[in-house]
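This is what each chain is made of:
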Amino acid sequence: MFWFTLPTMSFSDQLGFSFTAPQRRIWQVRDIVGSVRTALEREYADVWVEGEISNFRPADSGHLYFSLKDEAAQLRIVMFRSQARLLKFRPENGLKVIARGRVTLYEGRGELQLMAEYLEPQGAGALQIAFEQLKAKLQAEGLFERDRKKAIPVLPRKIGVVTSPRGAVIQDILNVLRRRHNGVHILIFPAQMQGDSAALEVSSGVRWFNKAANVDVIIVARGGGSIEDLAAFNDETLARTIAASEIPVISAVGHETDFTICDFVADLRAPTPSAAAELVIRSKQELDERLTTLRTHLARALRMRLLEYEKQLDRLARHGAFGAMRTAIARRQQKVDDLLFRLSSAQANIFRQMHRRLDVAATRVRHHDLRSKFASKQREIDAQIEKLTTTLHAYLMRRHSRLERLGGQLQGLSPISILERGYALVFDAEGHLLKDARRVHEGDTIHAQLALGQVTATVKEPE
């Protein structure tokens, strides 16, 4: 407990004056601390404090704890997660900053502290410090290395552009591409280029083009502006998305003097959006001139090579070995011609022999009258068919007569025929055929099947 003592003694002095001491008040610790805290917060509700950060300790909850100190004193600072997540830089020990907040008393330890709501570095701005910190971090990871950057296609067929569809940037890009090569296809992913959601939307555009795999190169384009306007392109998530892209990415953010983290991680940095359009594709005229030059050089090289081969061939042709070779080839050709003549003669003789054999066979065939034999065979076949038809008809007539006889017998035995002679079939209520009157009683329902239809009746008196 905390004892707070006031003069409370009653006495009379020699001069006759009498004093009454006030009653002693005893405070609870929490009460006195709460009272002091209320007074502090009322007096120092909004203060600015500058100093150097020390004992910086970020918590897993997102809260930041550190001290501000100068040559003579130090003050504990707490910044809760809701304010800490709005910081544009990462606090570090030794960094001089200005903190704004209200002075309070932490009851758990009875310590004076400042609940900071805003923090800014002294000297360089928060965005510049955040830029330098992120740049150093990504550079240490090797994301700026030239070896990991992908080559830009020489003549891409489809180009993806992540930018604002309403700005002048996209019009400049389209005008340049239309002038340089009007056959290229452009796909635009609309995104905010400034504000809190800009980094997320640009990242979504880069990821969408990679997932769709429908372009050969991606351009991230935005016009110039202040460091605050370009803050979205110094975002770590966006930088890692560009670095992880399977499709080459060209960063065209700001003016030539503006640099962002995206410029360092991209595969190519263009000083302006218009320059990006010029870099991503060569002009049609330039390509035509290049092709004409290559065609001329190729034709000249081929002529020179053919002249060299012709000289070598002429020099080799005059060699004595080639003369003997030509003589040997001529002899082989003469022998081939002789064999061809002999083959042609033998083939003609074979054809003549085959023709004579064919004539002899035709003469022999003419001595036999095949038509008379065919006619005799046809008459025999017709006779057999007629005989078979007669036999089959007689068999069918016998079967039909037997079928009619059996049908008549079956009709005579049919219950329906019996009913047609005036008889009836009587069934009880359960559908059983009645053969004995003792099975029914007065009031029972019975059914009678007649030759035509049924009758339902009630028994009055069974006998």
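Rules of the game
- Residues numbered from 1 in each chain as written.
- Predicted model: local features only at pLDDT ≥ 70, side-chain atom pairs only at ≥ 80, totals over all residues.
- Heavy atoms only, no water.
- pLDDT = per-residue confidence, 0-100.
- Contact = heavy atoms within 4.5 Å.
- Pairing = 2+ DSSP bridges.
- Helix = DSSP H or I, 4+ residues; strand = E, 2+ residues; numbered from the N terminus.
- Axes fitted to C-alpha atoms, helices over the stretch in contact; angles between N-to-C directions.
- Core = buried A, V, L, I, M, F, W, Y, C linked by side-chain atoms within 4.5 Å.
- Buried < 20%, exposed > 50% of the residue type's maximum accessible area, 1.4 Å probe, protein only.
- Parallel < 35°, antiparallel > 145°, perpendicular 65-115°, else oblique.
- Left-handed = near helix turned anticlockwise from the far one by under 90°.
- Nonpolar A, V, L, I, M, F, W, Y, C, P; charged D, E, K, R; others polar.
- Salt bridge = Lys/Arg side-chain N within 4 Å of Asp/Glu carboxyl O.

Participant: What is the right way to read the confidence of the model for the chain from this model?
Facilitator: Summary statistics for the chain give a mean pLDDT of 80 and a share of 87% for residues scoring 70 or more. Low pLDDT (under 50) marks residues 1–12, which in the prediction has 31 contacts with non-local residues, meaning those over four places away or in another chain.

Participant: Please clarify how the sheet that holds strand β17 (residues 454–458) should be interpreted in this entry.
Facilitator: Through backbone hydrogen bonds, the strands of a sheet pair up, either in parallel or in antiparallel fashion. Read from one edge to the other, the open sheet built from 3 strands follows the order β15-β16-β17, with strand pairing classed as antiparallel. Looking at strand neighbours, the two that pair on one side only are β15 (425–427) and β17, the edges of this open sheet. Across the sheet, the axes of successive neighbouring strands diverge by a mean angle of 25°, strand direction being ignored. The pairing of strand β16 (residues 445–449) with β17 spans 5 bridges and is classified as antiparallel.

Participant: Got a minute to help me understand the nonpolar core in this structure?
Facilitator: Note that soluble globular proteins tend to have their nonpolar side chains buried in a common cluster. Membership of the largest hydrophobic core comes to 31 residues, with the highest contact counts inside it found for L138, V162, V202, I218, F233, I242 and V265. If you list the elements that add at least two residues to this core, you get α3 (126–140), α5 (198–212), β12 (217–222), α6 (236–243), β13 (249–253) and α7 (261–265). Of all the elements, α5 adds the most residues to this core, at 5 residues. Among residues more than four places away in sequence, those in contact with I242 are V206, V249, C262, V265 and A266.

Participant: Looking at this model, I keep getting lost on the packing of helix α4 (residues 168–180) against helix α8 (residues 273–280). Mind explaining?
Facilitator: Between two packed helices, the angle of one axis relative to the other and the distance separating the axes together describe the packing. With their axes 8 Å apart at the nearest point, α4 and α8 run at an angle of 30° to one another. Compared by their axis directions, α4 and α8 come out roughly parallel. Note on packing geometry: the crossing formed by α4 with α8 is right-handed. Listed contacts from α8 to V169, D172, I173, V176, L177, R179 and R180 of α4 are P273, S274, A277, E278 and V280. Looking at the contact of α4 with α8 residue by residue, the class counts come to 7 nonpolar, 1 polar and 4 charged.

Participant: In this structure, what is going on with the packing of α5 against α6? I would like to understand it.
Facilitator: Where α5 meets α6, the axes come as close as 9 Å, and the angle between the chain directions of the two elements is 10°. On the basis of the axis angle, α5 is roughly parallel to α6. Read as a crossing pair, α5 and α6 show a hand that is left-handed. Contacts between α5 and α6 pair A199, V202, S203, V206 and R207 from the former with T237, L238, T241 and I242 from the latter. For the contact of α5 with α6, the residue count by class is 5 nonpolar, 3 polar and 1 charged.

Participant: Would you explain the pattern of salt bridges in this entry?
Facilitator: One side chain can pair with another of opposite charge once the charged atoms of both are near each other. Using the criterion set out here, one finds 10 salt bridges in the structure. When the shortest N-O distance is used, the salt bridge between R76 and E111 registers 3.0 Å. A residue pair is termed long-range when its members are at least 10 positions apart, and R76 in strand β7 (residues 74–79) and E111 in strand β9 (residues 111–121) qualify at 35 residues. Using a relative accessible area of 40% as the deciding quantity, one classes R76 as partly exposed. The class of E111 is partly exposed, set by a relative accessible area of 24%. Ionic pairing is found between D428 and R439, a salt bridge with its closest N-O pair at 3.6 Å. Of this pair, D428 sits in the loop between β15 and β16 while R439 sits in the loop between β15 and β16; the two residues are 11 residues apart in sequence, bridging distant segments of the chain.

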